[in-house]
Amino acid sequence: MARLSLWKEGKHTNDYRFFDRRISEFMSISGTGVLLHKYLGPMPQTQGQPDQPANTNTSELNIQDLLFLENRDRKYEPDVYRLRGVYQVTDNSFDLSQFGLFLQTGTLFITFHINDMVGQLGRKIMNGDVLELEHLLDYHTLDPDLPAALKRFFVATDCTRASEGYGPSWWPHLWRVKISPLVDSQEYKDIINKIAISDDDNRPIRDIISSYNSYIQVNDAIIEQAEQDVPASGYDLTPIYHRSGDTDTPDFAVNSYMGSSVGAPNGANVVQGISFPQNPEIGDYCLRVDYLPNRLFRYNGTRWMAIEDKVRTNLTNAAEDNRTLRNTFINNDRVFTDVRGREQPEKQNLNDILKPRAD
Amino acid sequence: MDNYFYTGQVRRFLTQFIRMISNFQIRLGRDRDGISTLLRIPVYYGDSSRQVAAILAKNSENSLPAVPAMSTHITALRYDRARVQNPTHVSKMQIRERAYDPDSGSYSDLQGDLLTIERLMPVPYTITIALDIWTTNTDQKLQLIEQIGAIFNPSLEIQSTDAYVDWTSLSVITLTDINFSSRTVPVGPEDPIDVATLTFELPIWLSAPAKVKRQGVIHKIIASVYDPDGLDPKDDSFDITGSILATRQIYTPTNLNLVYLGNTLKLYVNDSEIEFNDGSVPAMREGDWHLAVRSFGELSGANQDLLQNGISQIRLYNDGIVVVGTVAYHPIDPTLLIFNVDLDTLPTNTMPPINAVIDPANLKPNPLITTPTLGTRFLILNPIGSDANTDSDPATIDGARIWNRLGQPQLIAVANDIIEWDGFKWTVAFDSQDIINIQSIQYVTNLNTGIQYKWKNQVWSKSVEGRYGVGAWSFVPT
């Protein structure tokens with residue numbers, strides 16, 4: 001009589017299949033529904049570099065950035081796979097241990113039946129796959145105007161065989177996936193920017209599930225307050241009354257670091273233009289807008305005298321009226337015409353300037 | 001009295017710092033449509049309360065925190081001993097404000113308050129600020145650090161306000177340190193988010209409230225107190241009410257002039273302190289009565305305007321006479337007040353009224369002239385008669401027939417004289433060339449128009465109408 005052994009020299013025996021079917025049935029009966037967004041690979045990029053290949057094919061084997069070894073722009077299967085998984089429900093809490101982000105500490109371990117998973121996905125669940133736990137749908141958010149209940153997303157961060165998933169024949173039957181709460185980041189925009197809020201609302205789900213818009217509104221409010229406190233750099237001399245010796249139109253500006261009035265001193269009439277007006281009268285002001293910074297002149301009867309430069313400027317980054325030195329380099333849409341008559345952008349990266357260009 | 005002040009000085013710097021690092025973007029890779037987009041990075045204060053964080057998360061575990069993001073918070077606030085200056089120093093500024101019209105929400109071209117501002121030496125502090133850059137991959141982090149790092153070389157100016165008098169508003173913020181990553185070895189799979197921390201130093205000053213006072217600087221002295229001959233001011237004649245040794249000093253901060261014409265007072269503004277030797281002043285411009293009245297102050301309550309229509313008074317000082325009238329805002333023209341003069345305050349005539357003002361060189365026949373009654377009087381604008389017209393023939397009339405009668409002396413009068421019919425002939429009733437008259441002030445009413453004229457400095461002019469310069473009029477609210 002042969003010795004009893006459930007291990008058959010590396011073969012999947014009927015014993016294995018028996019246990020595997022029972023475990024699959026158990027997962028089907030007791031598991032919770034998991035919708036899985038399958039990671040397909042990094043998005044193809046049109047301009048490849050040796051360390052950042054274009055990856056014109058879509059494959060999980062591709063790596064977007066070979067220097068930093070990261071896949072930032074991830075492509076996900078538009079179709080969703082419905083799986084069954086089992087996990088131990090735990091209590092989570094929010095973490096503010098480092099200032100700035102309201103993160104959840106909860107990390108879950110959810111197990112899937114390997115053969116069922118592979119049968120559906122074509123592979124095992126891997127890091128970067130996004131899971132939606134259907135039973136954690138939140139119908140009762142603080143905002144009653146939200147058009148839909150909020151879905152609960154996780155991302156797989158670690159995937160191994162589950163220790164409890166080994167059968168008597170020593171073959172593994174379960175896949176243990178460590179999942180962390182998803183964040184609204186570049187990596188997952190192909191999911192949260194592509195899922196519609198509902199059948200009646202085609203906006204992406206990111207609009208309601210992400211805190212991005214809320215924090216942008218907070219940021220905008222702070223900027224607005226800052227612009228009220230300091231509308232422009234330097235000092236506002238508009239409230240200062242200019243005392244002049246013998247004329248209604250003072251021929252001087254109040255001495256101040258980067259200070260100037262709105263218009264002319266004492267709110268006197270001022271003509272704006274790129275040339276001086278004809279037939280001026282003594283005391284007339286002219287703001288030459290072709291000067292940068294704009295320069296205020298006053299006619300003294302014989303010539304136009306410079307009174308002040310309008311050096312004050314909006315300090316908000318990227319504001320249209322931000323005329324700081326830095327901004328002239330960063331937010332620069334100007335072009336020049338080269339010797340071949342082609343328009344070239346003024347704003348160019350230093351490392352690209354002398355590279356050959358196509359005709 | 002409240003022993004309290006708070007102006008958010010640290011808060012305003014923090015607000016400006018967030019503004020400084022706002023609106024940065026990162027470029028995302030191409031999506032499935034082949035589009036590469038820019039993503040703006042939100043910046044906010046990191047040390048938020050848990051309640052507000054929960055509100056922003058819609059009180060739901062399912063809400064997704066957005067990354068990348070930048071948060072900032074104060075890590076230290078310390079007294080900066082090295083920047084201490086004289087703690088008891090008080091800096092004084094003399095400020096002229098432009099008048100502000102709260103109705104239009106803008107400044108006018110008039111001078112408003114004159115202020116003396118006393119500022120106590122502020123107290124030096126240094127703030128240390130941490131800027132956390134939350135990213136989910138290295139490329140994002142480098143995109144942000146490259147953009148932010150390029151603007152601090154090593155410092156950037158920062159202002160908490162653009163108020164001209166705030167000497168503590170301007171400071172510099174310096175990037176002092178960068179902690180590139182919050183991760184430590186071994187790196188676990190727990191958190192996909194990495195935090196780079198930039199540390200900034202910001203020297204600031206904390207100020208106590210300033211003292212703001214009405215300006216005490218004398219801008220204009222109309223007349224000197226002492227007689228130029230050096231007479232003893234202790235003399236009995238040193239009498240403020242009528243002495244030649246002492247005259248009143250008039251302080252005119254607003255330099256407002258008015259012109260009384262008809263039943264209106266028109267406001268003019270003179271920005272110049274210069275008054276020429278002949279008493280004239282440089283050209284002026286029209287002013288707004290609403291703003292001018294506001295410079296006198298405001299009342300508390302619903303109607304804050306000091307000028308009460310029909311109740312408030314303007315007083316005009318004219319050669320020792322005070323002409324009083326009630327005023328009201330003109331319904332259309334803000335440069336005008338309607339002036340309802342109190343007739344009892346007008347100057348008293350010093351001579352009988354005249355029937356008309358006439359120009360003998362351009363005269364039409366009129367019964368008043370051809371058949372005058374006793375006491376008919378005219379003020380003439382051109383001379384009548386001449387010694388050259390006298391001849392020796394007693395049967396003829398010397399001079400113009402209309403002014404002379406046979407057998408009567410010829411009428412010889414000059415411009416500005418008043419002539420009168422005495423029943424037989426025209427005579428000069430007021431000789432404008434008489435040495436006594438030249439120095440006198442006379443008032444006479446024209447019966448034809450009802451206008452009273454004043455004779456002063458060898459000129460006839462309307463008695464109370466005309467320009468009233470600074471110090472020659474006053475405003476009485478009630």
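Only a predicted model underlies this, so the values are computations on that prediction, with no experimental measurement involved.

K.L.:
Can you explain the overall build of chain A? Please cite residues and give values.
P.N.:
The number of helices and strands found in chain A is six helices and 18 strands. Counting across all 359 residues of chain A, residues that qualify as buried make up 46%. Long-range pairs, those at least 24 residues apart, make up 50% of the contacts in chain A with a sequence separation of at least 6. When the accessible area of chain A is evaluated, it comes to approximately 19,900 Å², of which 51% is carbon and sulfur surface.

K.L.:
Before we move on, can you summarise the overall build of chain B with the specific residues and values?
P.N.:
When you go through chain B residue by residue, the secondary structure sums to six helices and 26 strands. A burial count over chain B gives 42% of its 478 residues as buried. Look at the contacts in chain B between residues 6 or more apart in sequence, and 59% of them connect residues 24 or more apart. Of the roughly 24,700 Å² of accessible surface on chain B, a fraction of 53% belongs to carbon and sulfur atoms.

K.L.:
With reference to specific residues and values, describe the pairing of strand E15 (residues 313-318) of chain B.
P.N.:
Residues and elements named next belong to chain B. In E15, alternate side chains face the same way, and those of Ile 314, Leu 316 and Asn 318 are buried while those of Gln 313, Arg 315 and Tyr 317 on the opposite face are not. Here E15 runs beside strand E16 (residues 321-329); their pairing, made up of six bridges, is antiparallel. The residue bridging Gln 313 from the neighbouring strand is Thr 326, located in E16. The turn joining E15 and E16, which pair antiparallel and follow one another in sequence, is formed by two residues; a positive phi near 50 degrees is taken by Asp 319. Across four bridges, E15 lies against strand E26 (residues 473-476) in antiparallel orientation.

K.L.:
Can you tell me about the packing of aromatic side chains, naming the residues and giving the values?
P.N.:
Residue and element names in this part refer to chain B. By the definition in use, this model includes 22 aromatic pairs over all chains. Residues Phe 152 and Phe 200 carry aromatic rings whose centres are separated by 4.9 Å and whose planes lie at 55 degrees to one another, so their mutual orientation is tilted. Here the residue Phe 152 occupies a position in the loop between helix H3 (138-149) and strand E8 (155-159), and Phe 200 occupies one in strand E10 (residues 194-206), the gap between them amounting to 48 residues. Across the pair, Phe 200 and Phe 152 agree in class, each one buried.

K.L.:
Can you lay out the interface of chain B and chain A for me, pointing to particular residues and giving the numbers?
P.N.:
Many descriptions give the size of an interface as the accessible area lost when the pieces come together. With 86 residues of chain B at the interface, the matching set in chain A holds 95 residues. Interface area, chain B with chain A, both sides summed: about 8,100 Å², of which 54% is carbon and sulfur. Counting across the interface, chain B meets chain A through five salt bridges. The interface formed by chain B and chain A includes 45 residue pairs in polar contact (both at pLDDT 80 or more). Taken together, the residues of the side of chain B that touches chain A break down into 34 nonpolar, 27 polar and 25 charged.

K.L.:
So what's going on with the packing of helix H5 (residues 212-229) of chain A against helix H1 (residues 9-20) of chain B? Residues and values would help.
P.N.:
Contact geometry for H5 of chain A and H1 of chain B: axes closest at 9 Å, N-to-C directions at 115 degrees. The way H5 of chain A lies across H1 of chain B gives a crossing that is left-handed. Mapping the contact onto sequence places Asn 219, Ile 222, Ile 223, Gln 225, Ala 226, Glu 227 and Asp 229 of chain A in H5 of chain A and Arg 12, Thr 15, Gln 16, Ile 18 and Arg 19 of chain B in H1 of chain B. For the contact of H5 of chain A with H1 of chain B, the per-class residue count stands at four nonpolar, four polar and four charged.

K.L.:
Please provide a residue-by-residue account of the pairing of strand E2 (residues 36-40) of chain B, values included.
P.N.:
All names here are of chain B. Two elements, strand E1 (residues 25-30) and E2, share four bridges in a ladder whose sense is antiparallel. Considered in E2, the bridge of Gln 25 is made with Arg 40. Counted along the chain from E1 to the antiparallel partner E2, the turn is five residues long, and its residue Gly 34 has a positive phi close to 80 degrees.

K.L.:
Explain the pattern of salt bridges to me, and be specific about the residues and the numbers.
P.N.:
Residue and element names in this part refer to chain A. Counted under the stated rule, the structure contains 31 salt bridges over all chains. The partner of Asp 184 in a salt bridge is Arg 206, with the nearest N and O atoms 2.9 Å apart. Of this pair, Asp 184 sits in the loop between strand E8 (174-181) and helix H3 (189-192) while Arg 206 sits in helix H4 (residues 206-209), and the two are 22 residues apart along the sequence. In this structure, Asp 184 and Arg 206 share a single accessibility class: buried.

K.L.:
Before we move on, can you summarise the sheet that holds E8 of chain A with the specific residues and values?
P.N.:
All names here are of chain A. Ordered in space as E1-E2-E5-E8-E7-E6, the six strands form a closed barrel in which the pairing is antiparallel. Direction aside, neighbouring strands of the sheet carry axes that sit 45 degrees apart on average. Of the strand pairs in this sheet, strand E2 (residues 74-87) and strand E5 (residues 108-113) are connected by three bridges, and their pairing is antiparallel. Along E5, the bridge assignment pairs Val 86 with Thr 111. Across the sheet, helix H2 (residues 114-121) touches strand E1 (32-42), E2, E5 and E8, and the angle it forms with E5 is around 80 degrees.

K.L.:
Break down helix H1 (residues 14-30) of chain A for me, with residues and values.
P.N.:
An α-helical segment advances 3.6 residues per turn. Residues three or four places apart therefore align on the same side. All names here are of chain A. The end-to-end C-alpha distance of H1, which contains 17 residues, comes to 24 Å, matching closely the 24 Å that a straight helix rising 1.5 Å per residue would cover. Taken as a whole, H1 has its buried residues at Tyr 16, Asp 20, Ser 24 and Met 27. An end-on view of H1 places all buried positions within 65 degrees of arc, on one side of the element. The exposed set on the far side of H1, more than 90 degrees from its buried face, consists of Asn 14 and Ile 29. Those residues of H1 that are buried lie in contact with E2, E5, H2 and E8.

K.L.:
Residue-level account of the nonpolar core, with values.
P.N.:
In a soluble, globular protein the nonpolar side chains are often hidden away together inside. Counting 33 residues, the largest nonpolar core has Phe 17, Leu 131, Ile 133 and Ile 173 of chain B as its most contacted members. If you list the elements that add at least two residues to this core, you get H5 of chain A together with H1, E1, strand E7 (123-135), H3 and E10 of chain B. Apart from the residues lying within four places of it in its own chain, the contact partners of Leu 131 of chain B are Phe 17, Ile 21, Met 70, Ser 71, Thr 72, Ile 148, Ala 196, Thr 197, Leu 198 and Phe 200 of chain B.

K.L.:
Describe the confidence of the model for chain B, naming the residues involved and giving the relevant values.
P.N.:
The predicted coordinates should not be examined in detail at positions where pLDDT is low. All names here are of chain B. Looking at chain B as a whole, the pLDDT averages 82, with 83% of positions reaching at least 70. Every residue in residues 218-247 is under pLDDT 50, and counting partners more than four places away or in other chains gives 36 contacts. For this predicted complex, the interface score ipTM comes out at 0.89, alongside a pTM of 0.69.

K.L.:
Got a sec to walk through the sheet that holds strand E11 (residues 211-214) of chain B? Specific residues and values, please.
P.N.:
Residue and element names in this part refer to chain B. Pairing is antiparallel across the open sheet formed by three strands, whose spatial order is E5-E6-E11. The open sheet has two edge strands, strand E5 (90-101) and E11, and neither has a second partner. Strand-to-strand twist of the sheet, defined as the mean angle between neighbouring strand axes without regard to direction, takes the value 35 degrees. Where strand E6 (residues 106-120) and E11 come together, four bridges link them in antiparallel fashion. By the bridge assignment, Leu 115 is partnered in E11 with Arg 214.

K.L.:
Report on the environment of Tyr 125 of chain B, specifying residues and quantitative values.
P.N.:
Residues and elements named next belong to chain B. Following the sequence through the fold, Tyr 125 ends up in strand E7. According to the relative accessible area criterion, Tyr 125 is partly exposed, its value standing at 23%. Tyr 125 sits 77 residues away from Leu 202 along the chain, and the two C-alpha atoms are 8.4 Å apart. Excluding its chain neighbours within four sequence positions, the residues that come into contact with Tyr 125 are Leu 77, Arg 78, Tyr 79, Asp 80, Arg 83, Leu 202, Pro 203, Ile 204 and Leu 206.

K.L.:
Give me the environment of Gly 466 of chain B: which residues, what numbers.
P.N.:
Residues and elements named next belong to chain B. Position of Gly 466 relative to the elements: it lies in strand E25 (residues 466-468). On the basis of relative accessible area, Gly 466 is assigned to the partly exposed category, the value being 23%. Each C-alpha atom of the pair Gly 466 and Leu 265 lies 9.4 Å from the other, and the pair is 201 residues apart in sequence. Apart from the residues lying within four places of it in its own chain, the contact partners of Gly 466 are Leu 258, Val 259 and Tyr 260.

K.L.:
So what's going on with the side chain of Thr 316 of chain A? Residues and values would help.
P.N.:
Relative to the elements of secondary structure, Thr 316 of chain A occurs in the loop between strand E16 (304-309) and helix H6 (325-330). Here Thr 316 of chain A is in contact with Ile 223, Glu 227 and Asn 322 of chain A together with Arg 19 and Asn 23 of chain B, once residues within four sequence places are set aside.

K.L.:
Pulling in residues and values, what's your account of H3 of chain B?
P.N.:
All names here are of chain B. Taking 1.5 Å of rise per residue, the twelve residues of H3 would be expected to cover 16 Å, and the 16 Å separating its terminal C-alpha atoms lies within 8% of that figure. The complete set of buried residues in H3 reads Asp 139, Gln 140, Lys 141, Gln 143, Leu 144, Ile 145 and Ile 148. The elements touched by buried residues of H3 are E1, strand E4 (69-79), E7 and E10.

Criteria and thresholds
- Residues numbered from 1 in each chain as written.
- Chains lettered and ligands numbered in written order.
- Predicted model: local features only at pLDDT ≥ 70, side-chain atom pairs only at ≥ 80, totals over all residues.
- Heavy atoms only, no water.
- Helix = DSSP H or I, 4+ residues; strand = E, 2+ residues; numbered from the N terminus.
- Buried < 20%, exposed > 50% of the residue type's maximum accessible area, 1.4 Å probe, protein only.
- Contact = heavy atoms within 4.5 Å.
- Areas by Shrake-Rupley, 256 points an atom, 1.4 Å probe, with all protein chains shown as cover.
- Pairing = 2+ DSSP bridges.
- Phe/Tyr/Trp six-rings, centres within 6.5 Å; stacked < 30°, edge-to-face > 60°.
- Buried area = accessible area lost by both parts, 1.4 Å probe.
- Salt bridge = Lys/Arg side-chain N within 4 Å of Asp/Glu carboxyl O.
- Polar contact = N/O pair within 3.5 Å; in protein donor to acceptor, adjacent residues only side chain to side chain.
- Nonpolar A, V, L, I, M, F, W, Y, C, P; charged D, E, K, R; others polar.
- Axes fitted to C-alpha atoms, helices over the stretch in contact; angles between N-to-C directions.
- Left-handed = near helix turned anticlockwise from the far one by under 90°.
- Expected span 1.5 Å × (residues − 1).
- Arc of directions from axis to C-beta.
- Core = buried A, V, L, I, M, F, W, Y, C linked by side-chain atoms within 4.5 Å.
- pLDDT = per-residue confidence, 0-100.

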